[in-house]
Amino acid sequence: MKVQVLPSLLAADFGCLADEIRRVAASGADALHLDIMDAHFVPNLSFGPDMVALAKKTSPELWRDVHLMMTRPDQFIGRFIDAGAQALQIHVEADCDIWAGLRAIRARGVRAGLVVRPQTPVAALWPYLPLCDEVLFMTVNPGYGGQAFMSEILPKISDLRKHAGGIGLGALDIMVDGGINFETAALCAAQGANMYVAGSFLFKQTDMAAAVQRMRGLCEEQLPGLRSE
Ligand code: DX5
Ligand code: ZN
């Protein structure tokens, strides 16, 4: 388990996407987070596999973490992996066989993640944990960047960290996504989250590298025993 900071491309300037991808790569961030929205699972549309391919072509060394906010993510797993996804996350609330989805992702040698909306009880994750490399807690209602962090999610993070430890999955990666800044990232770290997705907060920085480094440092202070290297 490693402390990781993942800028979300949703908050980039879409007028110069390749430059924005290079900015993330140059910042020393651990990965690029790509938000895929289908206008059905969430009330918004974003982009598809071509954007993952653009990220791969532009900065091949930058890890590509792909968050599928889709009603039927199972129909797109292959296409996102073909485009270059290295971690692929599906929602536990999706309308598909979650077991089969996670297995299909892992079968391609890609990290499998499960995402949970704010309103869904954390126990909905329990049956699937042995098939997960990472779990993502939405800390806003999915669909848009720039929303306020929901602090009521914090106890769910520690519930998962405790539960995972109790079943021999103490090294499970736990991510948070939505309204993340220095303060909210540190709050999540104190509950046991070790990966932080941040869109608007990081992209508005004039010095993204300094902000990534500071967020990582603040979170490491909250997670004793963990280091980014
Ligand atoms: C929201 C997306 C997030 C979004 C976060 O549905 O899953 O990844 O980009 O944006 P901020 O950090 O601006 O809340
Ligand atoms: Zn996301």
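Residues numbered from 1 in each chain as written. Chains lettered and ligands numbered in written order. Predicted model: local features only at pLDDT ≥ 70, side-chain atom pairs only at ≥ 80, totals over all residues. Heavy atoms only, no water.

Caption draft 1: Quick peek at the overall build of the chain. A count of helices and strands for the chain gives 8 helices and 8 strands. Radius of gyration (C-alpha) of the chain: 16 Å, near the 17 Å computed for a compact globule of 229 residues. With the C-alpha coordinates aligned to their principal axes, the bounding extent of the chain is approximately 45 × 40 × 30 Å. Looking at the chain as a whole, 55% of its 229 residues qualify as buried. The long-range share in the chain, meaning contacts at least 24 apart out of those at least 6 apart in sequence, stands at 64%. (Helix = DSSP H or I, 4+ residues; strand = E, 2+ residues; numbered from the N terminus. Rg over C-alpha atoms; globule rule 2.2 N^0.38 Å. Buried < 20%, exposed > 50% of the residue type's maximum accessible area, 1.4 Å probe, protein only. Contact = heavy atoms within 4.5 Å.)

Caption draft 2: Structural view of the pairing of strand 4 (residues 87-91). Among the 5 residues of strand 4, 5 are classified as buried, and the element is accordingly described as predominantly covered. Residues Ala 87, Gln 89 and His 91 of strand 4 are buried on one face, and the alternating residues Leu 88 and Ile 90, pointing to the opposite face, are buried as well. As defined by bridge partners, strand 3 (residues 64-69) adjoins strand 4 across 4 bridges and the pair is classed as parallel. In the sheet register, Val 66 faces strand 4, and the bridge partner there is Leu 88. Between strand 3 and its parallel partner strand 4, the chain crosses via helix 3 (residues 77-83), and the hand of that crossover is right-handed. Bridging between strand 4 and strand 5 (residues 111-116) involves 5 bridges; their strand directions are parallel. (Pairing = 2+ DSSP bridges. Right-handed = clockwise from strand over helix to strand, strands pointing away.)

Caption draft 3: Broad picture of the sheet that holds strand 1 (residues 4-7). Taken in spatial order, the 8 strands line up as 1-8-7-6-5-4-3-2 in an open sheet, and their pairing is parallel. Only two strands of the sheet have a single partner each, and these edge strands are strand 1 and strand 2 (32-37). Strand-to-strand twist in this sheet, taken as the mean axis angle between neighbours without regard to direction, amounts to 25°. Alignment of strand 7 (residues 173-177) against strand 8 (residues 195-198), held across 3 bridges, turns out to be parallel. Bridge assignment links Val 176 to a residue of strand 8, and that residue is Tyr 196. Contacts from helix 4 (residues 98-107) reach strand 4 and strand 5, with the element oriented near 145° to strand 5. (Axes fitted to C-alpha atoms, helices over the stretch in contact; angles between N-to-C directions.)

Caption draft 4: Representation of helix 2 (residues 49-58) within the structure. Of all the positions in helix 2, only Met 51, Val 52, Ala 55 and Thr 58 are classed as buried. On an axial view of helix 2, the arc spanned by its buried residues comes to 135°, and they lie on one face. The outward face of helix 2, more than 90 degrees from its buried face, is lined by the exposed residues Asp 50 and Lys 57. Buried residues along helix 2 sit against helix 1 (17-26), strand 2, strand 3 and helix 3. (Arc of directions from axis to C-beta.)

Caption draft 5: Highlighting the coordination of the zinc ion (ligand 2). At this site the zinc ion (ligand 2) is bound by His 33 (NE2), Asp 35 (OD), His 67 (ND1) and Asp 177 (OD), with donor distances of 2.0 to 2.3 Å. The class for His 33 is buried, based on a relative accessible area of 0%. The buried category is assigned to Asp 35, whose relative accessible area is 4%. (Donors = N, O, S within 2.8 Å, 3.2 Å for Na, K, Ca; no water.)

Caption draft 6: Representation of helix 5 (residues 154-166) in the model. Along its 13 residues, helix 5 runs 19 Å from first to last C-alpha, staying within 8% of the 18 Å computed at 1.5 Å per residue. Within the sequence span of helix 5, burial applies to Leu 154, Lys 156, Ile 157, Ser 158, Leu 160, Arg 161 and Ala 164. The inward-facing, buried residues of helix 5 contact strand 6 (134-138), strand 7 and helix 6 (182-191). Gly 168 sits one or two positions beyond helix 5 and adopts a positive phi of about 80°. (Expected span 1.5 Å × (residues − 1).)

Caption draft 7: Molecular detail of the pairing of strand 6. Counting buried positions over the 5 residues of strand 6 gives 5, a clear majority of the element. Residue alternation in strand 6 divides its side chains into two sets, Glu 134, Leu 136 and Met 138 and Val 135 and Phe 137, and both sets are buried. Direction of pairing for strand 6 relative to strand 7: parallel, over a ladder of 5 bridges. Residue pairing across strands places Leu 136 opposite Met 175, the latter belonging to strand 7.

Caption draft 8: Region of the structure containing the packing of aromatic side chains. Per the counting criterion, the structure on display carries 4 aromatic pairs. Look at Phe 76 and Phe 80: their rings are 6.3 Å apart centre to centre, the planes differ by 45°, and that puts the pair in the tilted class. The ring of Phe 182 is capped by Arg 214, whose NZ or CZ atom sits 4.5 Å from the centre of that ring. (Phe/Tyr/Trp six-rings, centres within 6.5 Å; stacked < 30°, edge-to-face > 60°. Lys NZ or Arg CZ within 6 Å of the ring centre and 35° of its normal.)

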